[in-house]
Amino acid sequence: MDSGNDVRVRAAARNNAEWCAALCRAHGITGETGPYAWASPRRTPPLYPDAVTLAPDASPREIVERIDASPGASVKDSFATLDLTDEGFEVLFGAEWIHRPAPEAADPGWELVRTEGELACWEDAWAGGEGDGLFPAALLADEDQLFLADRDSDGVIVAGAIATRSESVVGVSNLFAADGDLDAAWAGCLASIARHWPGLPVVGYESGDDLAAAVRAGFTPVGELRIWLRH
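Residues numbered from 1 in each chain as written. Predicted model: local features only at pLDDT ≥ 70, side-chain atom pairs only at ≥ 80, totals over all residues. Heavy atoms only, no water.

Turning our attention to helix 5 (residues 208-216). When helix 5 is considered as a whole, its buried residues turn out to be Leu211, Ala213 and Ala214. One side of helix 5 holds all its buried residues, which, seen down the axis, span an arc of 160 degrees. Of the exposed residues in helix 5, the ones pointing more than 90 degrees away from its buried face are Gly208, Asp209 and Arg216. For helix 5, the secondary structure elements touched by its buried residues are strand 5 (89-100), helix 4 (182-196), strand 10 (202-206) and strand 11 (220-230). Just past helix 5, the residue Gly218 takes up positive phi, approximately 105 degrees. (Buried < 20%, exposed > 50% of the residue type's maximum accessible area, 1.4 Å probe, protein only. Helix = DSSP H or I, 4+ residues; strand = E, 2+ residues; numbered from the N terminus. Arc of directions from axis to C-beta. Contact = heavy atoms within 4.5 Å.)

As structure tokens, this is what we get:
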């Protein structure tokens, strides 16, 4: 199936755009959603794209004209159909959208991050001790975002993920495990999603060894995406 016509890819792309929009709002940055893309006229926080395409027929000009396209700008090409070379961009990396049916409730899964202090600890664990406020506490008040955490016997966060609920799916991003055991991380994450938002399929995007771990967790790769960066 053409990934541009695959409802799973479109749902994953829209879910990811909604997460990017939520993160930007928490930083005081307001993006706009149109028929072809979500885009921010102001530069987005580090590691987050300035635009996410929502349709395979988005044109380079339609995207670039809606963002600050100075050096450092990035675009998530959700269907791997854009060519931004003439706009001064290069492909930074590629990945695969992933999709799995709704997980069944199993063990209790991971805990929710509920306070600003817990969120700071979560970010430090995710960033290897170098958190710098990328995830504002305002996100904890967004009912469509969950920060999930696994703790060791001393209460230290050792694994985690972010889950974003949209109309038809739950998206997972920023999955990490301090010990590198991604199989256990996916199991804990999916159990939590089944408990908090039952009945919804789960999506995301991964590459390399992270993609292999997602496949072992029941995901299917459903379409290619690319990240473009202007140097």
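Following the structure, the description resumes.
To continue, consider the packing of aromatic side chains. We describe a pair of aromatic rings using the distance from one ring centre to the other and the angle between the two ring planes. Here the structure, examined in full by the defined rule, presents eleven aromatic pairs. Seen in terms of ring centroids, Trp19 and Phe135 are 6.4 Å apart; in terms of plane orientation they differ by 25 degrees. Their pairing is stacked. Here Phe135 lies in the loop between helix 3 (116-126) and strand 7 (145-151) and Trp19 lies in helix 1 (residues 7-26), a separation of 116 residues in the sequence. The burial state of Trp19 is the same as that of Phe135; both residues are buried. Summarising the aromatic geometry, the rings of Phe135 and Phe147 are spaced 5.7 Å apart at their centres and angled 70 degrees between planes, so their arrangement reads as edge-to-face. Note that Phe135 is positioned in the loop between helix 3 and strand 7 and Phe147 in strand 7, a separation of twelve residues in sequence. (Phe/Tyr/Trp six-rings, centres within 6.5 Å; stacked < 30°, edge-to-face > 60°.)

Quick look at the sheet that holds strand 5 now. Strand order in the open sheet formed by eleven strands is 1-2-3-4-11-5-10-9-8-7-6, with mixed pairing between adjacent strands. A strand with exactly one partner marks an edge of an open sheet, and here the two such strands are strand 1 (32-33) and strand 6 (111-112). Running over the sheet, helix 3 touches strand 6, strand 7, strand 8 (157-165) and strand 9 (170-177) and is turned about 105 degrees from strand 8. (Pairing = 2+ DSSP bridges. Axes fitted to C-alpha atoms, helices over the stretch in contact; angles between N-to-C directions.)

It is worth spelling out the nonpolar core at this point. Counting residues in each nonpolar core, the largest one holds 26 residues, and the members touching the most others are Trp110, Leu148, Leu175, Trp186, Cys189, Ile193 and Phe219. At the level of elements, strand 7, strand 8, strand 9, helix 4 and helix 5 are the ones that each hand at least two residues to this core. The leading source of residues in this core is helix 4, at six residues. Formed by 23 residues, the second largest nonpolar core is a distinct cluster that contains Ala17, Ala22, Trp38 and Ala149. (Core = buried A, V, L, I, M, F, W, Y, C linked by side-chain atoms within 4.5 Å.)

Of all the seven residues making up strand 7, five are buried; the element is thus mostly covered by neighbouring parts of the structure. As judged from the two bridges shared by strand 6 and strand 7, these two strands associate in the antiparallel manner. Bridge pairing in strand 7 places Leu112 opposite Leu148. With antiparallel pairing between neighbouring strands as the criterion, strand 7 and strand 8 make up a hairpin whose turn holds five residues, including Gly155 at a positive phi of roughly 85 degrees.

Bringing the packing of helix 4 against helix 5 into the picture now. Relative to each other, helix 4 and helix 5 sit at 50 degrees, their axes nearing to 9 Å. Between helix 4 and helix 5, the crossing angle belongs to the class labelled oblique. Our pair here, helix 4 against helix 5, has a crossing hand that is right-handed. Residues Leu182, Asp183 and Trp186 of helix 4 form the contact with helix 5, whose own contacting residues are Asp210, Ala213, Ala214 and Arg216. Class assignment for the residues of the contact of helix 4 with helix 5 results in four nonpolar, no polar and three charged. (Parallel < 35°, antiparallel > 145°, perpendicular 65-115°, else oblique. Left-handed = near helix turned anticlockwise from the far one by under 90°. Nonpolar A, V, L, I, M, F, W, Y, C, P; charged D, E, K, R; others polar.)

Moving on to helix 4. Here helix 4 spans 21 Å end to end across 15 residues, near enough to the 21 Å set by a 1.5 Å rise per residue. Listing the buried residues of helix 4 in full gives Leu182, Ala185, Trp186, Gly188, Cys189, Leu190, Ala191, Ser192, Ile193 and Ala194. One side-chain oxygen of the residue at the start of helix 4 lies 3.3 Å from the amide nitrogen of Asp183, identifying that residue as Asp181. (Expected span 1.5 Å × (residues − 1). Polar contact = N/O pair within 3.5 Å; in protein donor to acceptor, adjacent residues only side chain to side chain.)

Nothing here speaks to function; it is geometry throughout.
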